Amino acid sequence: MDFPAPHPAALGAAPDYRLAFQLAPVGLILSRQRHIVDCNERVCEIFGATPDQLIGQSFRILYPSGEEFERIGARMAPILNQLGVYADNRVMRRVGGAQAGQPFWCHVTGRAIDRHAPHAAGIWTFEDLSAQRPVTAPLTAREREVAAQLMQGLTSKEIGRVLGISHRTVEIYRARLTRKYDASTAADLVQKLMGGL
């Protein structure tokens, strides 16, 4: 759908889209083949990096592990192919600054420019959730993925389908998370994951 350009009189002057991109209140990345083509100031703040540290790099630099980068990329491709958009909450990794290497919860939303080639080019937003949801226990890559799905309210069977593993395997990871977070029930675990308690 094409939207008409706003009338210049309504804005006072022609809009500066580059400035709007740079000063957007959410992190923005333009991607090509899962590499960062451009990013705004907020992304640099979120990941503790400079544009030079990010532009030209693979998205892998933002993930806690290579296996998460690969699995999430494989999981999002058919959804982008079908819907053109994808969103989730996941653990990402700070790139630089005083918190370099630290994991944090992030809400990620993306749109494929061409949904039939989902990783060819896209627009991605990043929102830092660490103030509301700090990472308080060291988690493995798979524990982080199961935790993200638990916070979406999915059952073990549903998580198994999303992650491509058996629901029994999900139960093993749920039990590990329950121990790590010293949770008494499934609801208590989700509450502790959501609040970072």
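Located above this text is the structure these notes cover.
First, a word on scope: everything that follows refers to the structure included in this document.

What counts and what doesn't
- Residues numbered from 1 in each chain as written.
- Predicted model: local features only at pLDDT ≥ 70, side-chain atom pairs only at ≥ 80, totals over all residues.
- Heavy atoms only, no water.
- Pairing = 2+ DSSP bridges.
- Helix = DSSP H or I, 4+ residues; strand = E, 2+ residues; numbered from the N terminus.
- Phe/Tyr/Trp six-rings, centres within 6.5 Å; stacked < 30°, edge-to-face > 60°.
- Buried < 20%, exposed > 50% of the residue type's maximum accessible area, 1.4 Å probe, protein only.
- Lys NZ or Arg CZ within 6 Å of the ring centre and 35° of its normal.
- Axes fitted to C-alpha atoms, helices over the stretch in contact; angles between N-to-C directions.
- Parallel < 35°, antiparallel > 145°, perpendicular 65-115°, else oblique.
- Left-handed = near helix turned anticlockwise from the far one by under 90°.
- Contact = heavy atoms within 4.5 Å.
- Nonpolar A, V, L, I, M, F, W, Y, C, P; charged D, E, K, R; others polar.

A few points about the pairing of strand β4 (residues 103–112)
Moving residue by residue along a regular strand, the side chains alternate between the two faces of the sheet.
Here's step 1: In the sheet, strand β3 (residues 85–93) pairs with β4 via nine bridges, with the strands oriented antiparallel. Residue pairing across strands places V91 opposite W105, the latter belonging to β4.
Here's step 2: Across seven bridges, the pairing between β4 and strand β5 (residues 122–128) is antiparallel. Paired with V108 across the two strands is F126, which belongs to β5.

Some points on the packing of aromatic side chains
Aromatic ring pairs: the centre-centre distance and the angle between the two ring planes describe each pair.
Here's step 1: If you walk through the whole model with that rule in mind, you get five aromatic pairs.
Here's step 2: For the pair F47 and F104, a centre-to-centre distance of 5.5 Å together with 65 degrees between the ring planes defines the contact as edge-to-face. With F47 in helix α3 (residues 41–47) and F104 in strand β4, this residue pair connects regions lying 57 residues apart in the sequence.
Here's step 3: For F104, a relative accessible area of 1% translates into the label buried.
Here's step 4: Pairing Y63 with F69 gives two aromatic rings, centres 5.5 Å apart and planes at 75 degrees, and the pair type is edge-to-face. Of the two residues, Y63 and F69, both sit in the buried class.
Here's step 5: An aromatic cluster of three or more residues is present, and its members are F47, F59, F104, W124 and F126.
Here's step 6: Over the ring of F69 we find R34; its NZ or CZ atom is 3.8 Å from the centre of that ring.
Here's step 7: In this structure, R94 packs its charged tip against the face of F104, placed 3.8 Å from the ring centre.

Focus on the packing of helix α6 (residues 141–150) against helix α7 (residues 156–163)
Here's step 1: At their nearest, the axes of α6 and α7 sit 10 Å apart, and the two run at 125 degrees to each other. Taken together, the axis directions place α6 and α7 in an arrangement best described as oblique. When the axes of α6 and α7 are compared, the crossing they make is right-handed. Facing α6, whose interface residues are R142, E145, V146, Q149 and L150, α7 presents I159, V162 and L163.
Here's step 2: Class assignment for the residues of the contact of α6 with α7 results in five nonpolar, one polar and two charged.

Structural notes on the packing of helix α5 (residues 66–83) against α6
Here's step 1: Closest axis-to-axis distance for the α5/α6 pair is 9 Å, and the angle between their directions is 40 degrees. In this view, α5 runs oblique relative to α6, as classed from their interaxial angle. The chirality of how α5 crosses α6 is right-handed. Taking contact as the criterion, the partners of E67, E68, R71, I72 and R75 in α5 are, on α6, A141, R142, R144 and E145.
Here's step 2: Along the lines of polarity and charge, the residues of the contact of α5 with α6 split into two nonpolar, no polar and seven charged.

Regarding the environment of T136
Here's step 1: Along the chain, T136 turns up in the loop between β5 and α6.
Here's step 2: Distance from T136 to G73, taken between C-alpha atoms, is 25 Å for residues 63 residues apart in sequence.

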